[in-house]
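So you can see what is in the structure, the chains are spelled out below.
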Amino acid sequence: VKTASGTSLLEGSLLNGIEHAHVCGGNGRCSTCRVRVLTGLTNISRAESSEQSLLNRIGAEGDVRLACQARVTGDVKI
């Protein structure tokens, strides 16, 4: 899908009619919206400390992000 730069991966999904779990309402407090970034990891915003803490707590690999926190800056495949 196409989405504007700065849009979160979660917003991009929802705006384009793609169902995407997000129990905490997109506030980065759960991990239900997590995605694996297949390509374009450098084309999304860096994880802030709160997101990184949650990802560390669940043992996420380096290519996993919270869709509600990761903002698009270029082409990404998830």
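Residues numbered from 1 in each chain as written. Predicted model: local features only at pLDDT ≥ 70, side-chain atom pairs only at ≥ 80, totals over all residues. Heavy atoms only, no water.

Bringing the nonpolar core into the picture now. One recurring pattern in soluble globular proteins: nonpolar side chains tend to sit buried together. If you look at the biggest cluster of nonpolar residues, it comprises 14 residues, and the most contacted ones within it are L9, C33, L66, A67 and C68. Elements with a contribution of two residues or more to this core: α1 (9–15), α2 (49–57) and β2 (64–66). Leaving out residues up to four positions away in the same chain, A67 has contacts with S8, L9, L10, H20, C33, R34 and V35. (Core = buried A, V, L, I, M, F, W, Y, C linked by side-chain atoms within 4.5 Å. Buried < 20%, exposed > 50% of the residue type's maximum accessible area, 1.4 Å probe, protein only. Helix = DSSP H or I, 4+ residues; strand = E, 2+ residues; numbered from the N terminus. Contact = heavy atoms within 4.5 Å.)

Our focus in this paragraph is the side chain of E51. Tracing the backbone through its elements, the reader meets E51 in helix α2. Owing to a relative accessible area of 2%, E51 belongs among the buried residues under this scheme. Excluding residues within four positions of it along the chain, E51 makes contact with R65, L66 and Q69.

Within α2, burial applies to E51, L54 and L55. End-on view of α2: buried residues confined to an arc of 100°, all on one side of the axis. Counted as exposed and oriented over 90 degrees from the buried face of α2: S49, N56 and R57. Residues of α2 that are buried sit in contact with β2. Two residues or fewer after α2 comes G59, characterised by a positive phi angle close to 70°. (Arc of directions from axis to C-beta.)

For the rest of this paragraph, the subject is the pattern of salt bridges. A complete count under the given rule lists four salt bridges for this structure. For R71, the salt bridge identified is with E11, shortest N-O distance 3.2 Å. Separated by 60 residues along the polypeptide, R71 in the segment after β2 and E11 in helix α1 bring together distant segments of the chain. In the salt-bridge network here, residues are joined through shared partners; they are R36, E61 and D63. (Salt bridge = Lys/Arg side-chain N within 4 Å of Asp/Glu carboxyl O.)

What follows covers the layout of surface pockets. The space that makes up the largest pocket amounts to roughly 340 Å³. Lining the largest pocket are 13 residues, with V1, T3, L9, V72 and V76 sitting closest to its centre. Class assignment for the residues of the lining of the largest pocket results in six nonpolar, four polar and three charged. (1 Å grid on protein atoms, 1.4 Å probe; cavity = no way out; pocket = protein on both sides within 12 Å on 5 of 7 lines; lining within 4 Å. Points joined across faces, edges and corners; volume = space filled by probe spheres on them. Nonpolar A, V, L, I, M, F, W, Y, C, P; charged D, E, K, R; others polar.)

On the secondary structure map, R65 appears in strand β2. According to the relative accessible area criterion, R65 is buried, its value standing at 6%. Side-chain polar atoms of R65 contact the backbone oxygen of S45, separated by 2.5 Å. At 2.8 Å, the side chain of R65 forms a polar contact with the side chain of E51. If sequence neighbours within four positions are ignored, R65 has contacts with C33, R34, V35, V37, I44, S45, R46, A47, E51, L55 and A70. (Polar contact = N/O pair within 3.5 Å; in protein donor to acceptor, adjacent residues only side chain to side chain.)

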